[in-house]
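Take a look at the letters that make up each chain.
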Amino acid sequence: MNLRQLRAFALIAEHGSIRAAARALAVTQPAATRSLRELEQSVGVDLVRRSVKGVELTTYGEALYKRAIVILQETRRARDEIGQMRDGEGGTLSLAVSSAALVVVPDALVAFRARMPRVAVAFNEVGPPYSHEQLDSGRYDFLVQTEYDGEINDGFAHRPLFTLPLAIGARLGHPLRRARSLTELHDAPWLVPGNTGAPANLVKMAFATHGLPLPRDIISCHSVAVALAIMAKSDALGIFVRPLFEHELLPSHMRMMQLTHELPSARISILARKESPPTPAAECFIECLIEARDAMVASSKAGRSRRKVRAPGVEHD
């Protein structure tokens, strides 16, 4: 078993075709077939079977594929780490980012590019369970994710960054725009970030906090941009972190609903695999995220101090 064979096998599994895998590898189809056969001989079982749909993995193939992806990603990380240690440049950094992290990610990226300008960075906007699967397989270096408050035991290393209050958004002129409680909003259609069954689901968390059942009309949406586009043309409501409503990317037709009660807060954390040490690039980006977080907190405190000076005697939260 060697890396050439594992790479060919992984691409065959992903493409469902030896011919497509050969094109991705820039080799001939017989060469890709030979790599697969050599791998099967080394493990002593059939890894694939042909079907009307193309090539499918056997039970043994599915088991090996999960390991092969981790091996190939760790090999890539090892190569990147050596290059980054040698000259501080090169390699790739792939991460999944929650929309709630937009308050710090842009500044962190600017700082990171100044320190490691030749590292290729790829951002993905996906949530659990897909993001966890990709992190576990090694495809992502780490996640910046919205979580439930409280301890989470999912096998990953969690590093909390900050907490942000939640808020509900609606289009300008929404028929429920004067509602002041979740009870009044229960029967509206809702756009939910991520998996509707996940414990960290923000709508579930908000309604459960007030002893209310989950709304019946829920649409799962992993993209904030898609959610905002749908909300702009419908009566769907969305739940986001409150600072999003102060962000310049928020469309002008979106409004934050003014409820008379507080919503729970969401925790933004960095997730990484416990058994895989971060590359220098990953460590650098995490440092930049922490610095951006600290700058955001300092700016927020300074803003509160200025408001107190301008309005003496007025109580502030």
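Keep in mind that this is a model prediction, so the values were computed, not measured. (Residues numbered from 1 in each chain as written. Predicted model: local features only at pLDDT ≥ 70, side-chain atom pairs only at ≥ 80, totals over all residues. Heavy atoms only, no water.)

## Observations regarding the pattern of salt bridges
Taken as a whole, this structure holds 12 salt bridges when the rule is applied. Measuring nitrogen to oxygen at the nearest pair gives 3.7 Å for the salt bridge that ties Arg 76 to Asp 141. Of this pair, Arg 76 sits in helix α4 (residues 59–87) while Asp 141 sits in the loop between α6 (130–137) and β5 (142–147), and the two are 65 residues apart along the sequence. Per residue, the accessibility class of Arg 76 equals that of Asp 141, and both read buried. (Salt bridge = Lys/Arg side-chain N within 4 Å of Asp/Glu carboxyl O. Helix = DSSP H or I, 4+ residues; strand = E, 2+ residues; numbered from the N terminus. Buried < 20%, exposed > 50% of the residue type's maximum accessible area, 1.4 Å probe, protein only.)

## Some details on the environment of Gly 83
Tracing the backbone shows Gly 83 in helix α4. According to the relative accessible area criterion, Gly 83 is buried, its value standing at 8%. As for Gly 83 and Pro 280, which are separated by 197 residues in sequence, their C-alpha atoms are 9.6 Å apart.

## Some thoughts on helix α5 (residues 105–115)
Val 105, Ala 108 and Phe 112 are the residues of α5 that are buried. Along the long axis of α5, the arc covered by the buried residues comes to 60°, so they all point the same way. Within α5, the exposed residues directed more than 90 degrees away from the buried face are Asp 107, Val 110 and Ala 114. (Arc of directions from axis to C-beta.)

## A word on the packing of aromatic side chains
If you walk through the whole model with that rule in mind, you get four aromatic pairs. Aromatic pair Phe 112 and Phe 285: ring centres 5.2 Å apart, planes at 55°, arrangement tilted. Residue Phe 112 is found in helix α5, and its partner Phe 285 is found in helix α10 (residues 280–310); the two are separated by 173 residues along the sequence. On the accessibility criterion, Phe 112 (0% relative accessible area) is buried. Here Phe 142 and Phe 285 contribute two aromatic rings whose centre-to-centre distance is 6.2 Å and whose plane-to-plane angle is 50°, an arrangement assigned as tilted. In this pair, Phe 142 is assigned in strand β5 and Phe 285 in helix α10, connecting sequence segments 143 residues apart. Both residues of the pair, Phe 142 and Phe 285, count as buried. Grouped by ring-pair contacts, the aromatic residues Phe 112, Phe 123, Phe 142 and Phe 285 constitute a single cluster. (Phe/Tyr/Trp six-rings, centres within 6.5 Å; stacked < 30°, edge-to-face > 60°.)

## Things to note about the nonpolar core
Phe 112, Phe 142, Ile 168, Trp 190 and Leu 289 are the most contacted members of the largest nonpolar core, which has 59 residues in total. Top contributing element to this core by residue count: α10, with eight residues. In this structure Phe 112 touches Leu 93, Val 119, Val 121, Ala 281, Cys 284, Phe 285 and Cys 288, once residues within four positions along its chain are discounted. By size, the runner-up hydrophobic cluster in this structure holds 19 residues, among which are Ala 10, Ile 12, Ala 32 and Leu 64. (Core = buried A, V, L, I, M, F, W, Y, C linked by side-chain atoms within 4.5 Å. Contact = heavy atoms within 4.5 Å.)

## Examining the pairing of strand β6 (residues 156–171)
Pairing geometry for β6 and strand β11 (residues 265–273), over nine bridges, is antiparallel. Bridge pairing links His 158 to Leu 271 in β11. Relative to strand β9 (residues 237–241), β6 runs antiparallel, the two being bridged by four bridges. In the strand pairing of β9, Leu 166 is matched with Val 241. In this sheet, strand β10 (residues 254–256) lies alongside β6 in antiparallel orientation, the contact comprising three bridges. Considered in β10, the bridge of Gly 169 is made with Met 256. (Pairing = 2+ DSSP bridges.)

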